[in-house]
Amino acid sequence: MSIGATTLLHQAYIEMAGRDGVDFPDRARFMGYAARVMRGLIIDHARSRSAQKRGGQFHITSSGVVVEQPTDHLELEHLSAALDELAEVDACLAEVVDLKFFCGFTFAEIAGMRNVSERTVQRQWEKARIYLHRKLSTEIEN
Amino acid sequence: MSTISRNQWQEINPYLDEVLSLPEEERAAYLAKFEQERPELGRLLKELIEEHAVLNDEAFLCGQSPGGFGAFVPGEVAGAYRLISLIGEGGMGTVWLAERSDGRFERKVAIKFLRLSLGTQTGSGRFKREGRILAQLAHPHIAELIDAGVSGIGQPFIVLEHIDGQPIDAWCDEQRLDVGARIALFLDVLSAVSHAHANLVVHRDIKPSNVLVRNDGCVKLLDFGIAKLLAEDSELGSVTQLTMDGGSALTPQYAAPEQITGGAITTATDVYALGALLYQLLAGKHPTSSEALSPAELVKAITDTEPPRLSEATTGGSSTALAEKRSTTQERLRRELRGDLETVIGKALKKNPSERYATVGAFADDLRRFLKHEPISARPDSLLYRAGKFLRRNRTAVVLGTLALLGTLAGLTGTLLQARTARKQRDFAFRQLARAEASNELISFVLSDAAPSGKPFKVNDLLHRAERIVKEQSAVDETTRVELLDAIGEQYSTQDETAKSVQVLEDAYQLSRRVPDASVRASAACNLANSLARSGENGQRPESLFQEGMREMPSGPEYASLRADCLLRGSEVAQERGDIKTGIARVLDAQQVSQESIFHNKVLELSIAIDTASAYRVAGQNREATAAYQRAAEMLKSLGRENTQNAVVLFNNWAYALNQLGRPREAEKLYQRAMSISRDSDDDDAVSPMVLLNYAKTLRTLGRLQEASGYAEQASTRAKAKGFALALNQALLERARIYREIGEIDQSDAMLREVEPLLRHDLPPTHYAFAVLEIEQAQNKFRRGDLKAALRMADDALATDEKSIKAGGQGSDALPGLLISRATIELKADAGDRAVADASRAVRLLQEQAEPGTFSTQRGRGYMTLGNALKAQGRLEEARQAFQLSGAHFENALGADHQETRSAVQSAGLNAK
């Protein structure tokens, strides 16, 4: 059985309870953390699922490196590692990716959570994508 | 190409922002310029922007979230089925076509995965059970609910018979069915709904998309009982319509008026929906004609505005096309729809549920009569009725909606009904919806955050969270904030969190000073007054706040309900300081005022009923109280709010009154009921110390001392933890009594020593509680053999109590008990005739209070004491009679096996010898 976003959120709570002493003074930070945990769960889940290969291969074409939509858990793990690195550099951007790509929130919703404009979130999303794309392409090359 | 280092990224970040904010055409120029000024950084920036273009081409990360919605995959297994393809995505969740996974060739099914995540164990269990019950609802026109289940992670799903068909309105249009044929098809739908009603299931969500017609012309009603499943489980009740779909405040287009105003949902609700459906089939549009209406207008349209007559609804723009789809001409269509058919549908669409067809069957009968050209049973609207509807126009329905959801979750009684003048009606309705939207945010956050520790949430945590959010939400306007805080403060109060309640209501009050609306300010003042009084504050403040509130409250029938509510609060303020007479007067005032209101607010009536009963109880008029409680309980049931916090309060108070009347066995049942309602929230902590304490008292009366001791101890511990002074004081007194009955006099004295300073701190010295304290001390002295001191203290106790009663205060409840206790001491202290006098007086008082033909332990004890006193005086025949009466009372109140019964019977028997 697969998981919907709301049930996943619930599961995330349970896991989080195991990590001691986390305090969330406001919703945005909480959601960010939850989203990060959710990312982990999704990847775990993808790993345990009997996955049907639906693409998700990296392949090289004449125009350069093409990164297909990662749906396989290996791809997700690459992405996750890249995200973790991005989080070191600019946590805000990584969080947007967690919230948008993994949790399925819209720009509007994320903007609401963080009390910024939608445009701001969109820009953050673009920047994050740039970083990640670069990171992943670099990995393939090396 | 290499990865960007952290420093590089930080440097380039702001410039990235700048470039990305520029429209594409202008970017090249910017980049060129930048590269000139800062070559190295500029080159990197250029690279990144180019990369951005590439990744956009590739649509990098633009696919659907791997873990998000629609994450199911063909071939996945759900229960005994395998998913084939996604059929649709509705508000409630996704629907998949599926087949049995074990290869058995059975028909295909539709599996609906519901979005609600049932967090608790009990929820899942109930869901599964309900599913199985509903699966038995078999009817040729009902899509069979085959099974329901919950995944391992708590995602509920329902397995339905798959219907390959069109919504009924589309089908009828496509087949160009005429009026008669449409009605005939509709009668099939009615038979389905009627069948369900016979099985006590209300659909609650009848609309065209839920009524499909297969290719063979067979109509099937879908989603039956799903609303019921959810309602049972999460107590959404009447607000399913507004909140199920993803939690945003919706246009409740297909909702019946009572679904919006929070009234009871009954079979009449389905009748309304069916009426609306038929209207749509015949007239081509919904009776509320909801194009381009704002949510507020729509709400008003549903609850207030009479729909246009069926025949008139067909005029206008597309009327020729409309007629064509019904295989007729515009003129002929209008003629067909006029008259009886209009009347029939009109009756189904009445705003007041009791004016509609009582059953779906009656509705069907009239339709059949129409088809056969026989006279129908429904009467057309009289002139008077139509004139009356203009009067009703000023009634604005309040969207209890999501606030009621928050309420039902946390057991709120319902919001204050607020009346507005005609001018402000629209703003008001809109504000309510805005508040509903703000509340939705609140609720979805509260719900989503509900279990950070993985355990089911506690109501109080919910409230803490809600409070925080309301304070932090900048989008909420002041008035809304005040109202929400008021509601939260109220709820803390019913949870016995009096300190918290005061704090929140104080905040609300301060905030309200800035609000322009006088009625909001007035209400806030009254709410605070109430809470302060309850928390034991004795100064002038509660009363003066109440007076302030009443002064500020605008006059006029629109504000009557608010004023009545304020009076209720004022009543409690008076009662808390011991002024019972004023308390009762205010409650009766409230009753009268609420009748002036042009609104019909069942919830307020219920509050008044409960408070009236309470006032009587406090005044010691237990007989009136029990009668009033019974009425209130019935009202509660009819509102479908049996299991809310209100019910806990009701049952508790009722049981208390019964116990006072000396009917502990009945009281025990009610206390258990009250406790089980509280425990339903899955947490022992939820049971109020007051209820525990009252239960302990009842157990003591029944002679189950060890149990009583346990509960009393729990009560005092919890009361202490919550800072609930009143409960703590009473609990300590009760523990003193229990210890004495067990024989542990030292422990008993210890309890009394603990409670005395608390009482002195909380209450005025004339309060009758000190009489009670003294008599307990007296009884302990008595047990130790110090008769002189015991008698002296008993006299003091009686004096205190009588003084309190004279001053118009409480204390008459306690008087018989005090007299009996003193009589017991007097007997031993050789004051036999005083004992007889006291016991006789006690028994007389009790008789006056009692309902004729009832029995009670108090009277049993009274007669017992009287019997002993008479015996000591040598008046044996009278004594025997007293003992017999005593025995009769004990037997009926406590049972034949009870020790007290047996000793009374024995005494009666011995004397005969």
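The structure presented is a predicted model; accordingly, all values stated were derived computationally and were not measured.

Chemist: Explain the nonpolar core here, please?
Modeler: Across soluble globular proteins, nonpolar side chains have a tendency to be buried as a group. All names here are of chain B. Judged by nonpolar contacts, the single largest core of 72 residues is most densely connected at Tyr629, Trp654, Tyr671, Val691, Leu773 and Ile825. Once you skip the residues sitting within four places of it in the chain, Val691 turns out to touch Val648, Asn652, Tyr671, Ala674 and Met675. Core analysis: the next-biggest nonpolar cluster, separate from the first, contains 54 residues, Ile206, Leu281, Leu333 and Ala378 among them.

Chemist: I tried to follow the packing of aromatic side chains on my own but got confused; where do I start?
Modeler: For any pair of aromatic rings, the description consists of the separation of the ring centres together with the inter-plane angle of the planes. Counting across every chain of the model gives eight aromatic pairs over all chains. Cluster of aromatic residues (ring-pair linked, three or more members): Tyr15, Tyr30 and Phe34 of chain B. One residue, Lys100 of chain A, lies across the ring of Trp125 of chain A, its end atom 5.3 Å from the ring centre. In this structure, Lys347 of chain B packs its charged tip against the face of Tyr357 of chain B, placed 5.2 Å from the ring centre.

Chemist: In this structure, what is going on with the state of the cysteines? I would like to understand it.
Modeler: Two cysteines, two sulfur atoms, one covalent bond between them: this is a disulfide. All names here are of chain B. In the structure shown here, the tally under the stated rule is one disulfide over all chains. The disulfide bridge from Cys526 ends at Cys566, spanning 2.4 Å between sulfur atoms. The sign of the S-S torsion, about 110°, decides the handedness of the disulfide formed by Cys526 and Cys566: right-handed. Pair noted here: Cys526 is in helix α23 (residues 518-534) and Cys566 is in helix α25 (residues 560-576), with a separation of 40 residues, a long-range link. You can call Cys566 buried: its relative accessible area is 2%.

Chemist: Is there a simple way to explain the sheet that holds strand β7 (residues 165-167) of chain B in this structure?
Modeler: Sheets are built from strands paired through backbone hydrogen bonds, the pairs being either parallel or antiparallel. Residues and elements named next belong to chain B. A sheet is described by the order of its strands in space; here three strands give the open sequence β7-β8-β9, paired in antiparallel fashion. Looking at strand neighbours, the two that pair on one side only are β7 and β9 (219-221), the edges of this open sheet. Neighbour-to-neighbour, the strand axes of this sheet turn through a mean angle of 35°, independent of strand direction. Relative to strand β8 (residues 211-214), β7 is paired through three bridges, and the arrangement is antiparallel. Counterpart to Gly165 in the pairing with β8 is Arg214. Against the sheet, helix α6 (residues 179-198) contacts β8 and β9, and its axis sits at roughly 35° relative to β9.

Chemist: For this particular structure, what's the right way to read the pattern of salt bridges?
Modeler: A side chain of one charge can pair with a side chain of the opposite charge if their charged atoms are brought near each other. Overall, the coordinates contain 40 salt bridges over all chains when judged by the stated rule. Between Lys127 of chain A and Asp17 of chain B there is a salt bridge; the shortest N-O distance is 3.0 Å. In this pair, Lys127 of chain A sits in helix α6 (residues 118-141) while Asp17 of chain B sits in helix α1 (residues 6-21), so the two residues belong to two different chains. In this structure, Asp366 of chain B and Arg369 of chain B form a salt bridge, with 2.5 Å as the shortest nitrogen-oxygen distance. With Asp366 of chain B and Arg369 of chain B both in helix α16 (residues 360-371), this residue pair falls three residues apart, about one helical turn. When salt bridges with common partners are traced through the structure, they connect Arg700, Glu734, Arg737, Arg740, Glu741 and Glu776 of chain B into a single cluster.

Chemist: Would you mind going over α1 of chain B with me for this structure?
Modeler: One full turn of an α-helix is made of 3.6 residues, so residues set three or four places apart face in the same direction. Residues and elements named next belong to chain B. The terminal C-alpha atoms of α1, which comprises 16 residues, lie 22 Å apart, in line with the 22 Å expected from a rise of 1.5 Å per residue. Taking the largest bend as the criterion, α1 deviates by roughly 40°, centred on Ile12, and proline Pro14 comes between one and four positions later. Every buried residue of α1 is listed here: Trp9, Ile12, Asn13, Leu16, Val19 and Leu20.

Chemist: I keep staring at the packing of α1 of chain B against helix α2 (residues 24-37) of chain B and nothing clicks. Help me out?
Modeler: Any two packed helices are characterised by the angle at which their axes cross and by the distance between the axes. All names here are of chain B. Across the interface, α1 lies against α2 with an axial gap of 9 Å and an inter-helix angle of 150°. Regarding the angle of α1 to α2, the classification is roughly antiparallel. Crossing of α1 over α2 shows right-handed handedness. Across the interface between the two elements, Tyr15, Glu18, Val19 and Leu20 from α1 touch Arg27, Tyr30, Leu31 and Phe34 from α2. For the contact of α1 with α2, a count of residues per class yields six nonpolar, no polar and two charged.

Chemist: Would you mind showing me how to read unusual backbone geometry here?
Modeler: Working note: non-glycine residues mostly have negative phi, and peptide bonds are mostly trans. Residue and element names in this part refer to chain B. Residue Arg176 is not a glycine yet carries a positive backbone phi of 50°. As for its placement among the helices and strands, Arg176 is situated in the loop between α5 (168-174) and α6. Of note in the backbone geometry, Ser327 takes a positive phi value of approximately 50° without being a glycine. Turning to its location among the elements, Ser327 is positioned in the loop between α13 (319-325) and α14 (330-337). Take Ser327: its relative accessible area is 45%, and that puts it in the partly exposed class.

What counts and what doesn't
Position labels on residues start from 1 in each chain and follow its written sequence. Chains carry letters from A onward and ligands carry numbers from 1 onward, assigned in written order. For this predicted model, a pLDDT threshold of at least 70 governs which residues receive local features, and a threshold of 80 or more governs which side-chain atom pairs are given and counted, while totals over whole chains, interfaces and linings are taken from all residues. Values reported for side chains reflect all heavy atoms of the structure, with hydrogen atoms and water molecules removed beforehand. Only buried Ala, Val, Leu, Ile, Met, Phe, Trp, Tyr and Cys residues count toward a nonpolar core, and they belong to the same one when joined by side-chain atoms within 4.5 Å. Burial classes follow relative accessibility: with a 1.4 Å probe on protein chains only, a residue under 20% of its type's maximum area counts as buried, one over 50% as exposed, and anything between as partly exposed. Every residue pair with non-hydrogen atoms within 4.5 Å of one another is taken to be in contact. Here is the rule: rings of Phe, Tyr and Trp (six-membered ring for Trp) pair when centre to centre is within 6.5 Å. Planes less than 30 degrees apart are stacked, more than 60 are edge-to-face, and the remainder are tilted. By the criterion adopted, a ring carries a charge over it if an Arg CZ or a Lys NZ lies within 6 Å of its centre and within 35 degrees of its normal. In what follows, a disulfide is any cysteine sulfur pair within 2.5 Å. In DSSP terms, a helix is any run of H or I states spanning at least four residues, a strand is any run of E spanning at least two, and both are numbered starting from the N terminus. We call two strands paired when DSSP finds no fewer than two bridges between them. As a rule, the C-alpha atoms of each element are fitted with a line to give its axis, helices using only the stretch in contact, and angles between N-to-C directions run from 0 to 180 degrees. Here a salt bridge means any side-chain nitrogen of Lys or Arg lying within 4 Å of a carboxyl oxygen belonging to Asp or Glu. In this analysis, the expected span of each helix is defined as 1.5 Å times one less than the number of residues it contains. The angle separating two fitted axes, one through the seven residues that finish at a residue and one through the seven that start at it, defines the bend at that residue. The scheme is simple: roughly parallel for angles under 35 degrees, roughly antiparallel for over 145, roughly perpendicular for 65 to 115, oblique for anything else. Two helices that cross are described as forming a left-handed crossing if the nearer one is turned anticlockwise from the farther one by less than a right angle, and a right-handed crossing if clockwise. Here the nonpolar group is Ala, Val, Leu, Ile, Met, Phe, Trp, Tyr, Cys and Pro; Asp, Glu, Lys and Arg are the charged ones; every other residue, Gly included, is treated as polar.

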